[in-house]
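# Fold and geometry: a report
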Number of protein chains: 2
Amino acid sequence: MKIQRYKHDSLCSYALGMTLTMELLLKKPEAARTVYISPEIEKNRNYDAMDALCRDKHIPIVTSEKAFNILSPKGNCFVIGVFEKFEERLSDGNHVVLVEPSDAGNLGTIIRTATGFGLKDLAIIRMSAVSGTETGLTDQNAPAGKTGEANRRTAVDIFDPKVVRASMGAIFRIRFAYFDTFEDYQTAYPARHGYPFMLQKTSRSIHDVTFEEPFSLIFGNEATGLPDSFAELPGLQPVIIPHSNEIDSLNLSMAAGIGMYEATKKT
Amino acid sequence: MKIQRYKHDSLCSYALGMTLTMELLLKKPEAARTVYISPEIEKNRNYDAMDALCRDKHIPIVTSEKAFNILSPKGNCFVIGVFEKFEERLSDGNHVVLVEPSDAGNLGTIIRTATGFGLKDLAIIRMSAVSGTETGLTDQNAPAGKTGEANRRTAVDIFDPKVVRASMGAIFRIRFAYFDTFEDYQTAYPARHGYPFMLQKTSRSIHDVTFEEPFSLIFGNEATGLPDSFAELPGLQPVIIPHSNEIDSLNLSMAAGIGMYEATKKT
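Cut-off values and rules
- Residues numbered from 1 in each chain as written.
- Chains lettered and ligands numbered in written order.
- Predicted model: local features only at pLDDT ≥ 70, side-chain atom pairs only at ≥ 80, totals over all residues.
- Heavy atoms only, no water.
- Helix = DSSP H or I, 4+ residues; strand = E, 2+ residues; numbered from the N terminus.
- Buried < 20%, exposed > 50% of the residue type's maximum accessible area, 1.4 Å probe, protein only.
- Contact = heavy atoms within 4.5 Å.
- Areas by Shrake-Rupley, 256 points an atom, 1.4 Å probe, with all protein chains shown as cover.
- Buried area = accessible area lost by both parts, 1.4 Å probe.
- Salt bridge = Lys/Arg side-chain N within 4 Å of Asp/Glu carboxyl O.
- Polar contact = N/O pair within 3.5 Å; in protein donor to acceptor, adjacent residues only side chain to side chain.
- Nonpolar A, V, L, I, M, F, W, Y, C, P; charged D, E, K, R; others polar.
- Pairing = 2+ DSSP bridges.
- Axes fitted to C-alpha atoms, helices over the stretch in contact; angles between N-to-C directions.
- Phe/Tyr/Trp six-rings, centres within 6.5 Å; stacked < 30°, edge-to-face > 60°.
- Least-squares fit on C-alpha atoms with pLDDT ≥ 70 in both.
- pLDDT = per-residue confidence, 0-100.
- Disulfide = S-S within 2.5 Å.

### Some points on the overall build of chain A
Broken down by element type, chain A carries seven helices and eleven strands. A burial count over chain A gives 60% of its 267 residues as buried. Contacts in chain A between residues far apart in sequence, at least 24 positions, make up 82% of those at least 6 positions apart. Here chain A displays about 11300 Å² of accessible surface, and carbon together with sulfur accounts for 48% of that area.

### Quick look at the interface of chain B and chain A
One widely used convention gives an interface's size as the accessible area the parts lose upon coming together. If you look at the interface, chain B gives 42 residues, while chain A gives 42 residues. Contact between chain B and chain A buries roughly 3700 Å² in total, counting both sides, with carbon and sulfur atoms accounting for 53%. At the junction of chain B with chain A, the criterion picks out six salt bridges. The salt bridge partner of B:E246 is A:R173, with a shortest N-O separation of 2.8 Å. At the boundary of chain B and chain A, one finds 14 residue pairs in polar contact (both at pLDDT 80 or more). At the level of elements, α1 (18-27), α4 (104-116), α5 (161-166) and α7 (252-264) of chain B are the ones that each hand at least two residues to the side of chain B that touches chain A. Broken down by element, the side of chain B that touches chain A gets its largest block of residues, six residues, from α7(B). Grouping the amino acids of the side of chain B that touches chain A by side-chain chemistry returns 16 nonpolar, 18 polar and eight charged.

### Examining the side chain of A:N106
Residue and element names in this part refer to chain A. Within the fold, N106 resides in helix α4 (residues 104-116). Using a relative accessible area of 5% as the deciding quantity, one classes N106 as buried. A polar atom in the side chain of N106 sits 3.1 Å from the side chain of E222.

### Here's the deal with the sheet that holds strand β3 (residues 61-63) of chain B
Residues and elements named next belong to chain B. Overall, mixed pairing links the four strands, which are arranged β1-β4-β2-β3 in an open sheet. What marks the edges here is a single partner per strand, and that holds for β1 (12-16) and β3. Each strand of the sheet is rotated relative to its neighbour by a mean of 25 degrees, with strand direction disregarded. Note: strand β2 (residues 32-37) against strand β4 (residues 79-84), five bridges, orientation antiparallel. From the neighbouring strand, V35 faces β4, where its bridge partner is G81. Contacts from α1 reach β1, β2 and β4, with the element oriented near 35 degrees to β4.

### A word on the packing of aromatic side chains
Going through the model one piece at a time under the given rule, you end up with 33 aromatic pairs over all chains. Plain terms: the ring middles of B:F83 and B:F86 are 6.1 Å apart, the flat faces sit at 50 degrees to each other, and that makes the pair tilted. Following the ring pairs from residue to residue traces out a cluster consisting of A:F83, A:F86, A:F159, A:F172 and A:F176.

### A word on unusual backbone geometry
The peptide bond linking A:E213 to A:P214 adopts the cis configuration, its omega dihedral lying at -5 degrees. Position of A:P214 relative to the elements: it lies in the loop between β9 (204-205) and β10 (215-219). A positive phi angle, near 60 degrees, is found at B:H58, a position not held by glycine. Take B:H58: it is sitting in the loop between α2 (45-57) and β3. One non-glycine residue with positive phi stands out, namely B:M168, at about 55 degrees. By the element assignment, B:M168 lies in the loop between α5 and β7 (175-179). For B:M168, a relative accessible area of 15% translates into the label buried.

### Here's the deal with the environment of B:N69
The residue B:N69 is located in helix α3 (residues 65-71) in this model. As a C-alpha pair, B:N69 and B:D180 span 111 residues in sequence and 36 Å in three-dimensional space.

### Quick notes on the relation of the copies chain B and chain A
Laying chain B over chain A is done by rotating through 180 degrees and shifting 0.0 Å along the axis; what remains is an RMSD of 0.0 Å. Classification of the inter-copy transformation places it as that of a two-fold axis. A share of 100% of the interface residues of chain B reappears at the interface of chain A, consistent with the copies meeting face to face through the same patch.

### Thoughts on the pairing of β1(B)
Residue and element names in this part refer to chain B. Among the five residues in β1, five count as buried, and that is most of the element. Residues C12, Y14 and L16 line one face of β1 and the alternating positions S13 and A15 line the opposite face, and both faces are buried. Alignment of β1 against β4, held across five bridges, turns out to be antiparallel. From the neighbouring strand, C12 faces β4, where its bridge partner is E84.

### Observations concerning the environment of A:D9
Here A:D9 shows up in the segment before β1 (12-16). Along the primary structure A:D9 and A:D157 are separated by 148 residues, whereas in three dimensions their C-alpha atoms are 9.8 Å apart.

### What about the pattern of salt bridges?
If you walk through the whole model with that rule in mind, you get 20 salt bridges over all chains. Note that B:R55 is salt-bridged to B:D51, the shortest N-O span being 3.0 Å. Of this pair, B:R55 and B:D51 both sit in helix α2, separated by four residues, roughly a single helical turn. With relative accessibility at 19%, the residue B:D51 sits in the buried group. One continuous salt-bridge network, built from bridges that share partners, spans A:E23, A:K120, A:R173 and B:E246.

### Brief notes about the sheet that holds strand β2 (residues 32-37) of chain A
All names here are of chain A. Spatially, four strands are ordered β1-β4-β2-β3 in an open sheet, and the strand pairing comes out mixed. The two strands at the open ends of the sheet, each matched to only one other strand, are β1 and β3 (61-63). The mean inter-strand angle of the sheet, taken between neighbouring strand axes irrespective of direction, is 25 degrees.

### A look at the confidence of the model for chain A
Residue and element names in this part refer to chain A. Looking at chain A, pLDDT values average 89 and 90% of them are 70 or higher. Per-residue pLDDT stays below 50 along residues 130-152; that stretch engages in 70 contacts with residues further than four places along the chain or on separate chains. The ipTM assigned to the predicted complex is 0.88, against a pTM of 0.89.

### Considerations on the state of the cysteines
Considering all chains together, one arrives at zero disulfides over all chains under this definition. In this model A:C12 remains outside any disulfide bridge; the closest cysteine sulfur is found in A:C54, 15 Å from its own. Residue A:C12 is classed as buried on the basis of its relative accessible area, which comes to 17%. Summary of cysteine pairing: B:C77 is not part of a disulfide, and the nearest cysteine sulfur, belonging to B:C54, is at 14 Å. Relative accessible area serves as the criterion here: at 5%, B:C77 is assigned to the buried category.

Here you go:
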């Protein structure tokens, strides 16, 4: 297998480090292809556990200095799990829906938090098809001096090793699927209770919402939020997390975390 | 004034970008010393507003290419606000207490979220003086392959420009103070309701806690959490945010955000 830096069109991606590789081997062994180890690895008890797992699943362990030079030049990583990209149909349970998320760290954090709250189905919408006035929602990920501008971007790649890392390996514990538009998602998963998280003051406060199941918690892009038109879509109940006007908005992963916390509190 | 990269022992720090500089000028003008502008700046309506504010507050605007070469080499920043470091006594209202936070991004995000929930007093404890078995709490900020290890660190510097940036300027809207130990904090602010957020299953679920005011919400380090001994300190009510055992822990800023959301919900 040719070792090359991750690109969006690569067939495989990488779990960098022992912790992430163990998550891969334990929770998604069918996707694992190879485990690279550094010549400098310390073969301790953790290593033995990994070695046993690889034997059991028939996954080769290959010593390669080159792999680490290319994939983890910082030198603090001694194990890399190579896995084939995967995608599967979501369950009919509760979903988290991210519309055009653009930041790898946020996506990973949301996956980790969702897993913690038992939400294991994630839909990612590449483009918000419903057009409308964009909100002034800004986020720390917007370039300095450019906050407040609407930078329309395509959704982040969930297989980016940065997402895998920020998820702490929880990516191997969830189901996820990409959709080109929100309408495509709705067609695939109709008859659900949809809760778009908005900044509009006319939305219902999360304190007063009873989340009915199966639900879809819908969150917009870091810089632009959800288009206003999500408040008008039939069958959706817009929700707002009240905060003081001293900040423009909560950051995306924070809003998603609070939304997921509240929606799953009584389930 | 000599322009130099930020160091922990510098007397001044920097707000990089127009948005952060405007927050500085509007909310903490007494700390502002100089505003550097790039020769390439576009003198639009936002610039005019900043210019007027600087005149009004007698803060010099200095054109300097050098300042940007040194302080923002990436070249996407056209305004830098220089400010003198500040610290002030906390109010007797509700507090957020961070014990040895180590990550600048997390600290900034927590400041932004706290401001959004009206919590404008932050205590940072440099070292947890109460010793005890460390929890296995891990975080995405721990180095790859080293998660789960207890890396005892000193608290992050709140004036690091990365914190200023991640706070989206909310740092200029809050009061904060450093303490060497938690005991020092307790001595300075006695007779409060303290809620340490723990991972111990014996802690009370946040769903069942009624937060009495004035409260102190206490959160531990990213990698190690709060020492177990915080659960034993007299007068404190340990709290847990329940999550599945599929993740080790919520990330620090997420746990803090959810804690702050819940504690301020009814106030």
